[in-house]
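# Structure at a glance
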Amino acid sequence: MITISGSVPDPSLLLKYPPGSVKRLITDILHSSSKEYGYRSLKEFEFELQLRDSIIHASIDLFRSRFSFKDFHDSICNEKYWERTDEGGFLSHAHVKPYDAINDIYINSYMYGTECATAIVVVYYKAVADTFPEQRFNELFPRIYLMDWQYTNNRLGITLDRRPHDYLPGDCRYFKNPDVDPLTPQWQGENVIDLGFGNYYGHGIGIARPEIIIEALNQHRSPGSETSAYLMDMVTQLGFKQLAALI
Amino acid sequence: MKEVFTMYNSKANLSNSSCFDYVRKTHGTDSMAAAFCRSIKANSVKAAVALNNDSLSFTSFFSLMDEIKKSDIYPLLSKCLQHALEIWETIDKKEDTYVRHVLKDRDSDTFHCTCKWMLETGYSDDGLSPEFDKLLDSAAIILLKSFKDNSVLPMVAELIFARHRRGGFIFNLVWGFFEYGDPQSLYLIASKLRSNHWDDVELAKRLLNFIPVVRSGLSTDCDTLYLQVIAWLRSNIPFMEYTGESCQQSSNPVPYVVLSAKKRYLEGLT
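Here's a quick rundown of the structure. (Residues numbered from 1 in each chain as written. Chains lettered and ligands numbered in written order. Predicted model: local features only at pLDDT ≥ 70, side-chain atom pairs only at ≥ 80, totals over all residues. Heavy atoms only, no water.)

## Examining the overall build of chain B
A count of helices and strands for chain B gives 16 helices and two strands. Counting over 270 residues, chain B shows a buried share of 53%. A fraction of 59% describes how many contacts in chain B between residues 6 or more apart in sequence connect residues 24 or more apart. Accessible area for chain B stands at about 12,600 Å²; split by element, carbon and sulfur atoms hold 51% of it. (Helix = DSSP H or I, 4+ residues; strand = E, 2+ residues; numbered from the N terminus. Buried < 20%, exposed > 50% of the residue type's maximum accessible area, 1.4 Å probe, protein only. Contact = heavy atoms within 4.5 Å. Areas by Shrake-Rupley, 256 points an atom, 1.4 Å probe, with all protein chains shown as cover.)

## Digging into the nonpolar core
Within soluble globular proteins, side chains that are nonpolar tend to cluster in buried spots. Within the largest apolar cluster, 82 residues are counted, with the highest numbers of intra-cluster contacts made by B:Leu51, B:Phe61 and B:Leu208. Here this core takes eight residues from helix 9 (residues 130-146) of chain B, the largest share from any one element. What B:Leu51 contacts, discounting residues up to four positions off in sequence, is B:Phe20, B:Phe36, B:Leu56, B:Leu64, B:Ile68, B:Ile73, B:Leu77 and B:Leu81. A:Phe45, A:Phe47, A:Ala117 and A:Ala119 belong to the second largest nonpolar core, which has 59 residues in total. (Core = buried A, V, L, I, M, F, W, Y, C linked by side-chain atoms within 4.5 Å.)

## Some thoughts on the packing of aromatic side chains
A full pass over the atoms with the stated rule returns 25 aromatic pairs over all chains. Considering the side-chain rings of A:Phe90 and A:Tyr112, the 6.4 Å spacing of their centres and the 70° angle between planes classify their relative orientation as edge-to-face. Placement of the pair is A:Phe90 in strand 5 (residues 90-92) and A:Tyr112 in the loop between helix 3 (98-107) and strand 6 (113-114), with a sequence separation of 22 residues. In this pair, the class of A:Phe90 matches that of A:Tyr112, namely buried. Pairing A:Phe137 with A:Phe141 gives two aromatic rings, centres 5.0 Å apart and planes at 50°, and the pair type is tilted. Residue class for A:Phe137 comes out buried when judged on its relative accessible area of 0%. Clustering of aromatic rings is evident, with ring pairs tying together B:Phe58, B:Phe61, B:Phe62, B:Trp117 and B:Phe132. If you follow A:Arg173 out to its NZ or CZ, it ends over the ring of A:Tyr167, 3.6 Å from the centre. When the ring centre of B:Phe161 is taken as origin, the NZ or CZ atom of B:Lys192, which lies over that ring, is 5.6 Å away. (Phe/Tyr/Trp six-rings, centres within 6.5 Å; stacked < 30°, edge-to-face > 60°. Lys NZ or Arg CZ within 6 Å of the ring centre and 35° of its normal.)

## Focus: the sheet that holds strand 4 (residues 82-84) of chain A
Strands sit in the order 4-5-7 (chain A) across an open sheet of three strands; the sheet is antiparallel. The sheet is open, and its two borders are formed by strand 4 and strand 7 (145-146) of chain A, each paired with just one other strand. (Pairing = 2+ DSSP bridges.)

## Comments concerning the interface of chain A and chain B
Each partner contributes to the interface: chain A provides 36 residues, whereas chain B provides 37 residues. With both sides pooled, the region where chain A packs onto chain B buries about 2,900 Å², and carbon together with sulfur makes up 53% of that total. Of all residues in chain A, A:His73, A:Pro182 and A:Leu183 bury the most surface against chain B, accounting for 26% of the area lost on that side. The interface formed by chain A and chain B includes three salt bridges. Its salt-bridge partner being A:Asp74, residue B:Lys134 comes within 3.1 Å of it at the nearest N-O pair. Put simply, chain A and chain B have 14 residue pairs in polar contact (both at pLDDT 80 or more) between them. Elements supplying a minimum of two residues to the side of chain A that touches chain B: helix 4 (116-131), strand 9 (172-176) and strand 10 (189-196) of chain A. Residue classes in the side of chain A that touches chain B are distributed as 16 nonpolar, nine polar and eleven charged. (Buried area = accessible area lost by both parts, 1.4 Å probe. Salt bridge = Lys/Arg side-chain N within 4 Å of Asp/Glu carboxyl O. Polar contact = N/O pair within 3.5 Å; in protein donor to acceptor, adjacent residues only side chain to side chain. Nonpolar A, V, L, I, M, F, W, Y, C, P; charged D, E, K, R; others polar.)

## Re the side chain of B:Asp137
Positionally, B:Asp137 belongs in helix 9. For B:Asp137, a relative accessible area of 2% gives the class buried. Among residues more than four places away in sequence, those in contact with B:Asp137 are A:His73, B:Arg163, B:Asn172 and B:Leu173.

## Structural notes on unusual backbone geometry
Residue and element names in this part refer to chain A. The phi dihedral of aspartate 148 falls on the positive side, at around 35°, and the residue is not glycine. Here tyrosine 151, not a glycine, exhibits a phi torsion of approximately 65°, which is positive. The partly exposed category is assigned to tyrosine 151, whose relative accessible area is 38%.

## So, helix 6 (residues 210-218) of chain A
Residues and elements named next belong to chain A. Within helix 6 the residues assigned to the buried category are Ile213, Leu217 and Asn218. Buried residues along helix 6 cover an arc of 135° about the axis, so they all sit on one side. Buried residues along helix 6 sit in contact with strand 9, strand 10, strand 11 (199-202) and strand 12 (206-208). (Arc of directions from axis to C-beta.)

## Details of the packing of helix 3 (residues 29-42) of chain B against helix 5 (residues 58-70) of chain B
All names here are of chain B. Relative orientation of the contacting elements helix 3 and helix 5 amounts to 50°, with a least axis distance of 10 Å. For the element pair helix 3 / helix 5, the angle class is oblique. The handedness of the crossing between helix 3 and helix 5 comes out as right-handed. Counted together, Thr29, Met32, Ala33, Phe36 and Cys37 of helix 3 and Ser60, Ser63, Leu64, Glu67 and Ile68 of helix 5 form the full contact between these two elements. Among the residues making up the contact of helix 3 with helix 5, the classes are represented as six nonpolar, three polar and one charged. (Axes fitted to C-alpha atoms, helices over the stretch in contact; angles between N-to-C directions. Parallel < 35°, antiparallel > 145°, perpendicular 65-115°, else oblique. Left-handed = near helix turned anticlockwise from the far one by under 90°.)

## Things to note about the environment of B:Thr110
Structurally, B:Thr110 can be placed in helix 8 (residues 109-122). Setting aside chain neighbours within four positions, we find B:Thr110 in contact with B:Lys79, B:Cys80 and B:His83.

The following block contains the structure:
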């Protein structure tokens with residue numbers, strides 16, 4: 001159920017977005033849920049829809065780019081904007097605008113390569129950069145360090161819910177590969193963005209349905225293992241309300 | 001040339017190290033590689049015997065791997081050294097080699113010994129190169145995850161904290177450490193709460209952040225925090241279960257959970 005300023009919104013809100021669109025899908029899921037999703041204002045609600053939509057576009061654009069999959073030992077980045085640290089992460093230079101640094105990953109994607117969790121964080125920053133005015137983005141995120149889930153800026157408000165009530169497009173999910181080949185620890189799992197309509201984006205695998213992602217992970221199991229990879233219940237999300245208050 | 005090699009051999013014997021290690025430590029890696037190339041040309045069998053010396057360190061072997069691959073000495077190498085090369089080939093070329101088939105066979109003593117040799121004789125040179133560190137990580141992960149060898153847990157813990165101090169990549173090692181799956185290993189991390197290195201204390205807090213007293217952040221005194229963590233572990237370890245969560249999933253993974261009273265009852269733990 002959706003409530004805005006404590007009240008159930010006019011039904012016309014639910015029909016505002018065209019059928020088949022991501023925003024309509026999100027609205028439908030929230031509306032039909034037994035959990036109450038409360039928003040302080042219509043603006044806050046629409047902000048979340050827009051940011052989730054931006055996450056999906058950022059995911060698809062990254063998939064279509066030449067951003068490559070590499071483990072942390074072999075990660076690469078454009079040194080004009082980023083310093084590659086000893087642990088394989090990317091730290092934006094103090095003298096560059098973070099907005100430009102994030103966008104460079106998409107513009108000069110062939111110069112970048114890392115693993116799946118960092119790719120999700122790239123998607124999140126890109127989505128926020130596409131939603132916020134450039135100057136505001138630079139103020140909020142003066143230095144960006146991309147190294148999977150470590151060192152993410154607190155202003156992103158990233159949280160992990162191990163038992164979510166619903167799953168929404170723009171959420172980050174996780175496929176676990178419990179019996180991964182010990183020689184390829186980077187395939188211990190796959191972070192993915194829920195694109196809606198049964199599709200997920202995972203860096204290194206692509207855009208696919210769950211069974212394809214599971215099959216891809218199962219190729220990297222210990223020899224002889226019959227323990228399949230699986231999609232976990234947990235969800236990682238941006239702090240949408242927190243970000244709405246910062247725009 | 002031959003006399004020089006013999007001289008190195010004599011001096012190495014006196015210091016109880018292989019001649020290649022001796023050359024590397026006294027004259028550098030390039031000199032060692034040159035000595036190896038000369039020895040191969042002079043007598044490949046003797047060169048292989050020198051390599052197969054029990055006291056050869058993985059560090060020296062790693063530094064010679066390119067030259068060894070160029071030579072035809074592989075069949076003369078010990079099983080241990082052949083396995084080490086195969087591990088590298090598997091990681092470097094991502095091929096489905098003999099290594100993967102050996103990993104299926106948990107009784108492969110030689111392979112187990114190879115990984116242990118790599119870690120024990122190489123870990124003090126951690127940071128030599130990204131490729132070297134990757135091989136150490138692989139050896140550690142195979143020992144912990146495939147062979148369930150808990151004797152290397154203290155060494156892996158030391159490696160994690162030492163590498164973290166110099167800003168290196170630790171996540172695969174941390175993952176391998178936790179994948180061993182025994183909550184008793186947490187005592188090794190807890191001991192770092194009393195380290196003289198502030199980086200060690202911070203990392204220990206991060207890794208143990210799933211423990212309530214650490215997560216609360218209320219204890220500012222490290223000795224007090226250490227005692228509180230030890231007390232919590234003593235009370236809860238019998239009822240803890242490994243979840244498999246790692247840094248790949250979350251900035252604050254919860255690798256262990258304490259079983260609920262109901263689950264303890266059902267599993268006969270009460």
